[in-house]
Amino acid sequence: MSHDLVCGQSAVIQPEQPWFVLSAAHQYSLMASRHPAIAHFYSFDVAHSASLTLAIPDGCVDIVFDCDAVKPVARVCGTTLEARSAELIRDHRYFGVRFAPGVVPDFLDLVAEELTDREFNFLDVVPDARLACEQILRHSQFSRQIELFNQHFTSRLVRKTSAVTGVSIQTILRQKGNIRIEQLESLTGYTCRTIQRQFRQDTGMSPKTFGRIMRCQAALNSLHQQGAVSFSDLALDLGFSDQSHFLREFKKLVSTTPLDYQRRTLHESYNGRIRHH
């Protein structure tokens, strides 16, 4: 049995890479995709003054194009499992495609488990893509790069997956990661073992890991949308056992405390940096 796992998930949690936004020289351009397999497209110049940029767990596959005139290159990046250094070079312009959480693009010559917490050169894992890659890297206009990507890859975006994984992903996203495997068993009618085996095969992660990542992403969404949010209320809303559990988890995945993160994003006008197209 196969199932299109991207149906209906885009409006639940918006995957974010906040350190990318904060390292942008000016504005961080973002455009939502009409295709449910893609969360959004983004583009930004890394500031000359940018310090170390981190990639954090978001449950997504990214394709990142470094549009440097001298050494252009494209990489396929699986989700990280903890905050770690991202190879973004100062003064370089980047164009990126962020797939929806749990989606593995069909045009990649990789199985899902090979992608998690790893990076690959785009041309090594996307057969016959040299011309498309060169065209995307050569253009400096964000909208044109999106058009080119859609033109070359829209027909091969969605890899067919099992029905149990599709239902599990949608449920985890709806519940903002706050769901136990026993609840997924009850909901899907499949055994815990089947859910875990199929989910890992389709996404490269366990349901527990995916839920943990989505819960942290939901916290980021709340911090950006609500501003002065109470951490104890947020911890309760996301189903953490207590506030200290939430603080520990946030620091592990985002590499700073929620309070320091809140102060920095307010100081650096996080939402004002993002330009929606």
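Rules of the game
- Residues numbered from 1 in each chain as written.
- Predicted model: local features only at pLDDT ≥ 70, side-chain atom pairs only at ≥ 80, totals over all residues.
- Heavy atoms only, no water.
- Pairing = 2+ DSSP bridges.
- Helix = DSSP H or I, 4+ residues; strand = E, 2+ residues; numbered from the N terminus.
- Axes fitted to C-alpha atoms, helices over the stretch in contact; angles between N-to-C directions.
- Expected span 1.5 Å × (residues − 1).
- Buried < 20%, exposed > 50% of the residue type's maximum accessible area, 1.4 Å probe, protein only.
- Contact = heavy atoms within 4.5 Å.
- Salt bridge = Lys/Arg side-chain N within 4 Å of Asp/Glu carboxyl O.

Enquirer: Give me the lowdown on the sheet that holds strand β9 (residues 274–276), citing residues and values where you can.
Expert: The strand order β8-β5-β4-β7-β2-β1-β9 describes an open sheet built from 7 strands, whose pairing is mixed. Strands at the two margins of the open sheet, each flanked by one partner only, are β8 (119–121) and β9. Put simply, the sheet's adjacent strands are angled 20° from each other on average, direction ignored.

Enquirer: Break down helix α6 (residues 163–174) for me, with residues and values.
Expert: Taking 1.5 Å per residue as the helical rise, α6 with its 12 residues ought to reach 16 Å, and the 17 Å between its terminal C-alpha atoms agrees with that figure. Counting buried residues along α6, 10 of its 12 residues qualify, which places the element largely inside the surrounding structure. Turning to α6, its buried residues number three or more, namely A163, V164, T165, G166, S168, I169, Q170, T171, I172 and L173. Where α6 is buried, its residues meet α7 (181–188), α8 (192–203) and α9 (207–226). Backbone geometry just after α6 places K176 at a positive phi near 55°.

Enquirer: Report on the pattern of salt bridges, specifying residues and quantitative values.
Expert: If you walk through the whole model with that rule in mind, you get 11 salt bridges. A salt bridge links R84 to D117; the nearest nitrogen and oxygen atoms lie 3.4 Å apart. Within this pair, whereas R84 is found in strand β6 (residues 84–85), its partner D117 is found in the loop between α2 (112–115) and β8, the two being separated by 33 residues in sequence. What makes R84 partly exposed here is its relative accessible area of 27%. On the accessibility criterion, D117 (32% relative accessible area) is partly exposed. E268 serves as the salt-bridge partner of R264, at 2.8 Å between the closest nitrogen and oxygen.

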